[in-house]
Amino acid sequence: MQNDLDRLKNAAALRAVAEVEEGMVVGLGTGSTAEFALKALAERVAAGLKILGIPTSQRTADFARRHAIPLTDFSAHRDIDLTIDGADQIELGAWHLIKGGGGALLREKIVASASRRFLVIADNTKLVPHLGSPMKLPVEVIPFGHERTIPRLEALGLQPELRMTDSRPFATDSGNYILDCHIDRIADAPRLERDLKLTVGVVESGLFVDLATKIIVAAPGDVSVFHVPRK
Ligand code: A5P
């Protein structure tokens, strides 16, 4: 049974999957919204559509295999035609994103950056005037010396907290840790992204700046599509 939020996620997902065409290499996102897109894509594949998917996480790879979506990787295809993924927050107007609530931000960013078109799908609760609290910014860090990375992030105005699962640090698909960083309001996302990229110990941040090319947001009774020109 779908609840109201699921219906919105599904509506956004269906709108995005309608853009997938025969022969495409498709980036497959991670998370509950992306899984609605995977199910819709699987139905089109079962009906004869020929595509190849590049998953953004082990979880998505497993889901895609269970739903008979054929997979490929960067050794065979360096460029992705179109990627469909969710987001934790979407900044209205600037269209920067926070991603990584599911811990897949590193592969998600590699896949999004390799994509000609990056479609972000969400329900309208994800749309915010400014990125930041109450959503924390996930930052993937190397486990070695992460205790030293924490104060470097604090110096950038963040309040990092090591993500835990079953009383142990959460490990990403690449074996790294996640620091979930509280910040009241991200006033300048491109600058924070640059600062994070220059921080020793940081692998990747969950800030997705100037990556989305289309934002699809479902609200009750209405799906809005925002086109974002690439800079
Ligand atoms: C996974 O790491 C995330 O970037 C997800 O895309 C994001 O957390 C959105 O997930 P939901 O669609 O489950 O809200």
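The structure under discussion appears in the preceding block.
What comes next concerns the included structure. Being a predicted model, the structure only gives us computed values, none of them experimental. (Residues numbered from 1 in each chain as written. Predicted model: local features only at pLDDT ≥ 70, side-chain atom pairs only at ≥ 80, totals over all residues. Heavy atoms only, no water.)

### Examining the overall build of the chain
Across its full length, the chain holds six helices and 16 strands. Expected size for 231 residues packed as a compact globule is a radius of gyration near 17 Å; at 17 Å, the chain falls within 12% of this value. With the principal axes as the frame, the chain shows a C-alpha extent of 55 × 40 × 35 Å. The proportion of buried residues among the 231 residues of the chain is 52%. Looking at the chain alone, contacts between residues at least 24 apart form 74% of all its contacts between residues at least 6 apart. (Helix = DSSP H or I, 4+ residues; strand = E, 2+ residues; numbered from the N terminus. Rg over C-alpha atoms; globule rule 2.2 N^0.38 Å. Buried < 20%, exposed > 50% of the residue type's maximum accessible area, 1.4 Å probe, protein only. Contact = heavy atoms within 4.5 Å.)

### Some remarks on the site of the ligand
As a matter of local geometry, the ligand sits amid 16 residues, with Ser 32, Thr 33, Asp 88, Glu 108 and Lys 126 nearest to it. Lys 126 places a polar side-chain atom, nitrogen or oxygen, 2.8 Å from an oxygen atom of the ligand. Expressed as a share of its isolated accessible area of 380 Å², the protein-covered part of the ligand is 89%. (Near = heavy atom within 4 Å. Polar contact = N/O pair within 3.5 Å; in protein donor to acceptor, adjacent residues only side chain to side chain. Areas by Shrake-Rupley, 256 points an atom, 1.4 Å probe, with all protein chains shown as cover.)

### Here we look at the environment of Ala 171
Structurally, the position occupied by Ala 171 is in the loop between strand E11 (168-169) and strand E12 (177-182). For Ala 171, a relative accessible area of 47% puts it in the partly exposed group. Each C-alpha atom, one on Ala 171 and one on Pro 143, is 9.0 Å from the other, the two residues being 28 residues apart in sequence.

### Some thoughts on the nonpolar core
Judged by nonpolar contacts, the single largest core of 27 residues is most densely connected at Val 20, Val 26, Leu 41, Ile 51, Ile 69, Ile 84 and Ile 121. If you list the elements that add at least two residues to this core, you get helix H1 (4-17), strand E1 (25-28), helix H2 (32-46), helix H3 (58-66), strand E3 (80-85), strand E6 (115-123) and strand E15 (214-219). Considering every element that reaches this core, the biggest residue donor is H2, with seven residues. When near neighbours in sequence (up to four residues on either side) are disregarded, Val 26 contacts Val 20, Leu 41, Ile 51, Leu 52, Gly 53, Ile 54, Ile 80 and Leu 82. Membership of the second largest hydrophobic core comes to 20 residues, among which are Leu 137, Val 139, Tyr 177 and Leu 207. (Core = buried A, V, L, I, M, F, W, Y, C linked by side-chain atoms within 4.5 Å.)

### Describing the environment of Thr 213
Residue placement: Thr 213 occurs in the loop between strand E14 (207-208) and E15. Between the C-alpha atom of Thr 213 and that of Leu 137, which follows or precedes it by 76 residues, the distance is 21 Å. Those residues in contact with Thr 213 that lie beyond four places of it in its chain are Arg 116, Arg 117, Phe 118, Leu 119, Phe 226, His 227, Val 228 and Arg 230. At 2.9 Å, the side chain of Thr 213 and the backbone nitrogen of Phe 118 are in polar contact.

### A look at the packing of H1 against H2
The interhelical angle for the contact between H1 and H2, taken along N-to-C directions, is 50°, at an axis separation of 8 Å. As far as their axial angle goes, H2 and H1 are oblique. Crossing of H1 over H2 shows right-handed handedness. Contacts between H1 and H2 pair Asp 6, Lys 9, Asn 10, Ala 13, Leu 14 and Val 17 from the former with Ser 32, Thr 33, Phe 36, Ala 37, Ala 40, Leu 41 and Arg 44 from the latter. (Axes fitted to C-alpha atoms, helices over the stretch in contact; angles between N-to-C directions. Parallel < 35°, antiparallel > 145°, perpendicular 65-115°, else oblique. Left-handed = near helix turned anticlockwise from the far one by under 90°.)

### Considering unusual backbone geometry
The amide bond that connects Ser 133 to the next residue, Pro 134, takes the cis arrangement and shows omega of 15°. Structurally, Pro 134 can be placed in the loop between strand E7 (127-128) and strand E8 (137-141). With a phi close to 60°, Ala 68 is a non-glycine residue in the positive phi region. Inspection of the secondary structure assignment puts Ala 68 in the loop between H3 and E3. Its relative accessible area of 54% is what places Ala 68 among the exposed residues.

### Structural notes on the pattern of salt bridges
For the structure shown, the criterion picks out 15 salt bridges. In this structure, Glu 204 engages Lys 197 in a salt bridge whose closest nitrogen and oxygen atoms are separated by 2.7 Å. Shared partners join several salt bridges into a network, and the residues in it are Arg 15, Glu 19, Arg 117 and Lys 214. (Salt bridge = Lys/Arg side-chain N within 4 Å of Asp/Glu carboxyl O.)

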